[in-house]
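Examining the three-dimensional arrangement
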Amino acid sequence: MPVRKLKYTCIVCPQGCEIEVVISDNEIKEIKGFKCIRGKRYVTEEVLAPKRTLITVLHCKNGDYPTVSVKTSKPIPKEKMFEILEYLSKIVLEAPVDIGDIVIRNIFDSGVDIIATRPCRKV
Amino acid sequence: MKHKYDTIVIGGGPAGLASAIKATKLGLKTLIIEKTERLGGIPLQCIHEGFGVIYFKQNLTGPEFSYKLIKEVDRLSIDYITSGYVSEINILSDEAKQVKVISPKGYQVFETKTLIYAAGAREKTLHEINVVGDRVSGIFTAGEAQALMDIYGVMPGREVVIIGSGDVGLILTRRLILEKAKVKAVIEAMPYPGGLVRNIVQCLKDFDVPLLLGHVVKEIRGRKRVEKVVVEKVDENLKPLGESFSITCDTVIISAGLLPHVRMLRELGVKMDPLTRGPIVNDFFETSIRGVFVAGNALIVNDLVDYVVEQGENAAEGAYSLITKKYVRQQNIPVLFDDNIRFVVPQRITKTSDVVFYLRVKRPMKDVKIIFEEIDKVFVFSKARPSEMIRVKIKKKDLGDIKDKLHVRLYSDASPQT
Ligand SMILES: Cc1cc2nc3c(=O)[nH]c(=O)nc-3n(C[C@H](O)[C@H](O)[C@H](O)COP(=O)(O)OP(=O)(O)OC[C@H]3O[C@@H](n4cnc5c(N)ncnc54)[C@H](O)[C@@H]3O)c2cc1C
Ligand code: SF4
């Protein structure tokens, strides 16, 4: 297996350390450039299983806004993002929706919920 | 009397809400006047996370952040008017101001001892960034594009060029891509990106969006809709290097920065700072007109809402101290600063309480030392960037040695490239 060198910018704190990772056989061989353990952890996760909190808006009927903004209850695997977004783009909610409501539970059996981050009042 | 207040807050964004909450907790009778149909301000349309990490110790989305403040406003039963248009302000005396408001409730005249102006910022337009070209559809400011997408659920376009690499532009880029638009490039005039490293990584690198540093959009071309932009390479002083090319696109989004919304203050005769483009204030954020305070983006364009809230609370304390005559504000000591600093706020200090200073550097720097000369206070930062406002606090007891001026000096060893 080829040895790959990847460069990351740590985003855990404003220092923004440039961290270099050497990978072979899907294993991390070396990490350098981090100033603290949080940077090492961040890069390890970025390499092996990058995750992001997903945010978007869902359409909402009969409300004071035409949309409700939502987020995932936890960060989700990065490669799942577009698949989940595609599904969410077809969902239409009905007002009222309150901030903090779980609008979709356990999406794709992932253990992650979709949560409203903005209320939509019924009009 | 129903129409008399201790303080009237103009603007119901984070700065206004925070100042109204603080003023009410200090015992002041408070009214908020908000122009739009809702309290909450800009964060209502900023649906990404990144709000309140310092203030609420929680990483919230914009709407979640604003609604936490709105809940507090409701809990404290603070008076507010939405869809309120302030048609006139009259300064009656140091202790009395009159505010005329038109709203769905009709025409109302209020009297107040103090005013807290928290009307936020406005976006720079095409004219302010020297772009010429055809008058076509498909040109938006970042705020307009964001509202379309994240309030109305409508896509502004499919093939987009973004002007400006500040955080607003970067965050918008990611939103567009997640909603299946293609961002052809982010164009930045300066040789370094305007936004936080976190946003460069998560918004551009994650999706391989080209970032063209040291480039400007010179022209926008099209017949009915935008068809292309002409991009030109520039040097550090923004001088064209004679190299230009075009990028086809159907949409251009301008995210070239914000300016404090100060028209109303200017009409009152408040003195302005040409560097912040906001008003000149003392450490209570009181303007050159006694009893008129300012907070949030109307004072300085903030990248962090946490500081906006802090400014709102400080303005409320200013109003409180003026009303209760807790402090006698006779001193007005000017704050001077070195050439490598873009601005320092407040521009004046009274030496009657602790002071939080906000400042921005002119260019990215490493190993920065900020020295408050007359009092020998030194603050050290390993990095400083124009996009990240620096905040330092100095206790009242340490201000003693200041006489007729305070000089802020900045020393730096080298300039990093990122
Ligand atoms: C796209 C974007 C992304 C951002 N991301 C982040 C982030 O991730 N984290 C973070 O901490 N900060 C972020 N910010 C910054 C943050 O949103 C601002 O600093 C904050 O909203 C400023 O609050 P404000 O109350 O001063 O102004 P605003 O939020 O702009 O509120 C001003 C209010 O005043 C009202 N108003 C204006 N004129 C009048 C008038 N004449 N009469 C009555 N009312 C009036 C407006 O309608 C508005 O409601 C972001 C900003 C933008 C634009
Ligand atoms: S490695 Fe540590 S110090 Fe460096 S940016 Fe990451 S969290 Fe900050």
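Sequence order as written defines the numbering, with residues in each chain counted from 1. Lettering for chains starts from A, numbering for ligands starts from 1, and both go in the order in which the items are written. For this predicted model, a pLDDT threshold of at least 70 governs which residues receive local features, and a threshold of 80 or more governs which side-chain atom pairs are given and counted, while totals over whole chains, interfaces and linings are taken from all residues. Only hydrogens and water are removed before side-chain values are computed, so all heavy atoms of the structure are retained for them.

**Focus on the overall build of chain A**
Rules: Labels follow the DSSP assignment, with helices taken as runs of H or I lasting at least four residues and strands as runs of E lasting at least two, numbered in each case from the N terminus. Throughout, the radius of gyration refers to the C-alpha atoms, and the reference size of a globule is 2.2 Å times the residue count to the power 0.38. With a 1.4 Å probe rolled over the protein chains alone, any residue whose accessible area is under 20% of its type maximum counts as buried; one over 50% counts as exposed, and the rest are partly exposed. Pairs of residues are marked as contacts when any of their non-hydrogen atoms sit within 4.5 Å. Computed with the Shrake-Rupley method and a 1.4 Å probe, the accessible areas treat only the protein chains shown as cover for residues.
On a plain count of helices and strands, chain A comes out with two helices and 10 strands. Listed N to C, the secondary structure of chain A is β-β-β-α-β-β-β-β-α-β-β-β in terms of helices and strands. Taken over C-alpha atoms, the radius of gyration comes to 19 Å for chain A, far larger than the 14 Å a tight globule of 123 residues would show. If one aligns the C-alpha atoms of chain A with their principal axes, the spans along those axes are about 60 × 30 × 20 Å. Expressed as a percentage of the 123 residues in chain A, the buried residues total 43%. Contacts spanning at least 24 positions in sequence make up 46% of the contacts within chain A whose residues lie at least 6 apart. Carbon and sulfur atoms make up 53% of the accessible area of chain A, which totals about 6800 Å².

**Examining the domain arrangement of chain A**
Under the convention used in this document: Just so you know, the domain bounds were taken from an automatic or database domain assignment.
In terms of domain boundaries, chain A breaks down into domain 1 (4–49) and domain 2 (55–116). Using C-alpha coordinates to define each centre, domain 1 of chain A is positioned 31 Å away from domain 2 of chain A.

**Section: the interface of chain A and chain B**
Interface extent is often summarised as the accessible area lost during association of the parts. Operational definition: A 1.4 Å probe defines the accessible area here, and the buried area is the portion of it lost by two parts on being joined, summed over both. Criterion for a salt bridge: a side-chain nitrogen of Lys or Arg within 4 Å of a carboxyl oxygen of Asp or Glu.
Contacts between the two partners involve 30 residues from chain A and, on the opposite side, 31 residues from chain B. Taking both partners together, chain A and chain B bury about 2600 Å²; carbon and sulfur atoms supply 54% of that area. The largest per-residue losses of area from chain A upon contact with chain B belong to Ile11(A), Ile55(A) and Tyr65(A), which jointly make up 22% of the total buried on that side. One can count five salt bridges joining chain A with chain B. The partner of Asp206(B) in a salt bridge is Arg52(A), and the shortest N-O contact between them spans 2.8 Å.

**A short note on helix H2 (residues 62–75) of chain B**
All names here are of chain B. The cut-off we apply is this: A helix is expected to span 1.5 Å multiplied by its residue count minus one.
Along its 14 residues, H2 runs 20 Å from first to last C-alpha, staying within 8% of the 20 Å computed at 1.5 Å per residue. Of all the 14 residues making up H2, 10 are buried; the element is thus mostly covered by neighbouring parts of the structure. If you check which residues of H2 are buried, you get Gly62, Pro63, Glu64, Phe65, Ser66, Tyr67, Leu69, Ile70, Glu72 and Val73. Two residues or fewer past H2, Ser77 is found with a positive phi of approximately 50°.

**Concerning helix H1 (residues 37–48) of chain A**
Residues lying three or four places apart along an α-helix face the same way, a consequence of the helix completing one turn every 3.6 residues. What counts here: Note that the arc is computed from the directions linking the helix axis to the C-beta atoms.
Between its first and last C-alpha atoms H1(A) spans 17 Å; for 12 residues at 1.5 Å apiece the expected length is 16 Å, and the two agree. Every buried residue of H1(A) is accounted for by Gly39(A), Tyr42(A), Val43(A), Glu46(A) and Val47(A). Buried residues of H1(A) fall within an arc of 125° about the axis and therefore sit on the same side. Opposite the buried face of H1(A), at more than 90 degrees from it, the exposed residues are Ile37(A), Arg41(A) and Leu48(A). Buried residues in H1(A) make contact with strand S1 (4–9), strand S2 (18–24), strand S3 (27–32) and strand S4 (51–52) of chain A together with helix H5 (197–204) of chain B.

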